[in-house]
Amino acid sequence: MTEPTRLIGTRPPQARAREKVTGQALYVDDLAIPSLWHGATLRSPVARGRIVEIERDPGFDWEGLVLVEPRDLPGRNVLPMIRDDQPILAEREFRHPFEPILLIAGPDRDRVMAARRHIQVRYEARPIAVEIGEALEAQVKVHGDDNVFDEILIEKGEPERGFESAGVLIERTFWTGPQEQLYIEPQGMIASWEGDRLTLRGSLQCPYYVHEAVMAVFGFEDPDQVRVIQAETGGGFGGKEEYPSLLAVHAALLAKKAGHPVKMVYDRAEDMQATTKRHPSETTIKAAIDVDGRLTALDIDLRLDGGAYCTLSPVVLSRAVLHATSAYRCDNVRVRGRAVATNTPPNGAFRGFGAPQALFAMESMMDLLARAAGLDPLELRRRNALRPGDETSTGDRLATSSALA
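Just so you know, these numbers come straight off a predicted model, no measurement behind them. (Residues numbered from 1 in each chain as written. Predicted model: local features only at pLDDT ≥ 70, side-chain atom pairs only at ≥ 80, totals over all residues. Heavy atoms only, no water.)

Colleague: How would you explain the sheet that holds strand 14 (residues 295-307) if you had to name every residue and give the values?
Modeller: On the basis of which strands lie adjacent, the open sheet formed by five strands has the order 7-15-14-13-8 and mixed pairing. Where the open sheet ends on each side, the last strands, each with one partner, are strand 7 (148-156) and strand 8 (168-176). Each adjacent strand pair in this sheet contributes to an overall mean axis angle of 5°, direction not counted. Pairing between strand 7 and strand 15 (residues 333-341): eight bridges, direction antiparallel. Within strand 15, the position partnered with D150 by the bridge is A339. Sheet contacts for helix 8 (residues 313-322): strand 7, strand 14 and strand 15; angle to strand 7, the most-contacted strand, approximately 20°. (Pairing = 2+ DSSP bridges. Helix = DSSP H or I, 4+ residues; strand = E, 2+ residues; numbered from the N terminus. Axes fitted to C-alpha atoms, helices over the stretch in contact; angles between N-to-C directions. Contact = heavy atoms within 4.5 Å.)

Written as structure tokens, this is what we have:
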């Protein structure tokens, strides 16, 4: 027998490292495809409005350009996701800034971008809710009757009894803002048709998400009608998880109407304005420790800003509430989590989705409790760390250490 390959302690070369550092790697915008056209997106001018009319400047030369409107869609005007609530193109109303309204393509990218500036969206402004708190008041309806995409409740023990025996009791609210993934390469996709078969090459993380979305929008029955190729991807970090599905549909619609392959690559400004971010959050924690510095009760109300459409918010919310008590032992817990609809661009996946927001709040609370009790923050954490045999807030019994104790 040959000696087994030893990997631990070695430095194996990273796949594709040589191509990347020498500039040989080809990203979406580097790919050369014959008769390639370029696509662009006309977006909503304000946070919310009813579309009255879309006017094209009669003084601009529109010859040789194609436009895709909602009426050009082959089926339902909806992007398949956890909830089918996001339109592929806004039809009667837009719900957030920079929402896609219309698509343009042509052989010259500069002319396509110029054409976009010669289209005007006339609209009637509608009331908006852009903060979590005002959305929960539901004076402005963004989604349903209460603007809540999803709600999760975790209960264990009797929190009120735990608060009665508190040596120290603190209640605070913690906020986190949106966070841009800031991948090096912006969103990009190329769509090309051969008869009724579609090939997509894109900067993406989840090719099967893209495949499923395109199959549904175009009503394909044979999975082999759609081929999705992940091009060299210049970073994603969650930002290229669900969003490329929408861009793929846009590029495919333009390519179908144009009769040419179509490339859509966002510039940095458009990418930062229009694509999903880490969910902003508001988390109110009521926490108590006894005279020995051990947690006796936690009551956590966690709210995530999902934006105008649901996207992956239920998944992000579930991760947030599951991590809300961090790695600490507490017998009396209540965690209420809500993903809230607002008139902001939809939010989505970003590394650790949901957990950073929840953990920031809980770890901040642990620092406040330690200060109030006159304990070293590390010592407070050591006393409350989950150990083998302990039960988490969700009722799971730990078989191994949490690494804190």
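There is more to say after this.
Colleague: Just give me the short version of the pattern of salt bridges, but keep the residues and values in it.
Modeller: Overall, the coordinates contain 33 salt bridges when judged by the stated rule. For the salt bridge of E93 with R126, the shortest nitrogen-to-oxygen distance reads 2.4 Å. Within this pair, whereas E93 is found in strand 4 (residues 93-94), its partner R126 is found in the loop between strand 6 (119-125) and helix 3 (132-137), the two being separated by 33 residues in sequence. E93 gets classed as partly exposed once you look at its relative accessible area, which sits at 23%. Residue R382 is joined to E379 by a salt bridge in which the shortest nitrogen-to-oxygen separation is 2.6 Å. Of the two residues, R382 and E379 both sit in helix 10 (residues 377-384), three residues apart, roughly one turn of that helix. Through salt bridges with shared partners, a single ionic network connects R16, E19, K20 and E232. (Salt bridge = Lys/Arg side-chain N within 4 Å of Asp/Glu carboxyl O. Buried < 20%, exposed > 50% of the residue type's maximum accessible area, 1.4 Å probe, protein only.)

Colleague: Go over the nonpolar core with me, naming the residues and quoting the values.
Modeller: Among the nonpolar cores identified, the biggest contains 40 residues, and I285, L295 and L369 are the most heavily contacted of them. Of all the secondary-structure elements, those providing two or more residues to this core are helix 3, strand 7, strand 8, strand 13 (281-289), strand 14, helix 8, strand 15 and helix 9 (355-373). In terms of residue count, the dominant contributor to this core is helix 9 (seven residues). If we skip the residues at most four places from it in the chain, I285 touches I170, E171, R172, F174, L298, D299, I300, A361, M362 and M365. Formed by 39 residues, the second largest nonpolar core is a distinct cluster that contains V68, A191, L247 and A258. (Core = buried A, V, L, I, M, F, W, Y, C linked by side-chain atoms within 4.5 Å.)

Colleague: Which residues make up helix 8, and what values do they have?
Modeller: Residues S313, P314, V316, L317, A320 and V321 constitute the buried set of helix 8. Down the axis of helix 8, the buried side of the element spans an arc of 160°, and every buried residue falls inside it. Structurally, helix 8 contributes buried residues whose contacts are with strand 7, strand 14, strand 15 and helix 9. (Arc of directions from axis to C-beta.)

Colleague: Tell me what's going on with the packing of helix 9 against helix 10, and back it up with residues and numbers.
Modeller: The geometry of helix 9 relative to helix 10 is characterised by a closest axis approach of 9 Å and an angle of 110° between their N-to-C directions. Accordingly, the angle class assigned to the pair helix 9 and helix 10 is roughly perpendicular. When you trace helix 9 past helix 10, the crossing you get is right-handed. Along its contact with helix 9, which presents E363, M366, D367, L369 and A370, the element helix 10 presents P377, L380, R381 and N384. When the residues that make up the contact of helix 9 with helix 10 are grouped by side-chain class, the tally is five nonpolar, one polar and three charged. (Parallel < 35°, antiparallel > 145°, perpendicular 65-115°, else oblique. Left-handed = near helix turned anticlockwise from the far one by under 90°. Nonpolar A, V, L, I, M, F, W, Y, C, P; charged D, E, K, R; others polar.)

Colleague: Outline the packing of aromatic side chains, supporting the account with residue identities and numerical values.
Modeller: Overall, the coordinates contain seven aromatic pairs when judged by the stated rule. With a centroid separation of 6.5 Å and 90° between ring planes, the pair formed by F174 and F360 is classed as edge-to-face. With F174 in strand 8 and F360 in helix 9, this residue pair connects regions lying 186 residues apart in the sequence. On the basis of relative accessibility, which here comes to 39%, the residue F360 falls in the partly exposed class. Taking the centre distance of 5.8 Å and the plane angle of 15° together, the rings of F218 and F220 count as stacked. Judged by relative accessible area, which is 14%, F220 ranks as buried. The rings of W193, F218 and F220 are connected pair by pair, giving a single aromatic cluster. The ring of F350 carries R278 above its face, with NZ or CZ at 4.0 Å from the centroid. When the ring centre of F163 is taken as reference, the NZ or CZ atom of K286 above it lies at 4.5 Å. (Phe/Tyr/Trp six-rings, centres within 6.5 Å; stacked < 30°, edge-to-face > 60°. Lys NZ or Arg CZ within 6 Å of the ring centre and 35° of its normal.)

Function-wise, these values are silent; they only describe arrangement.
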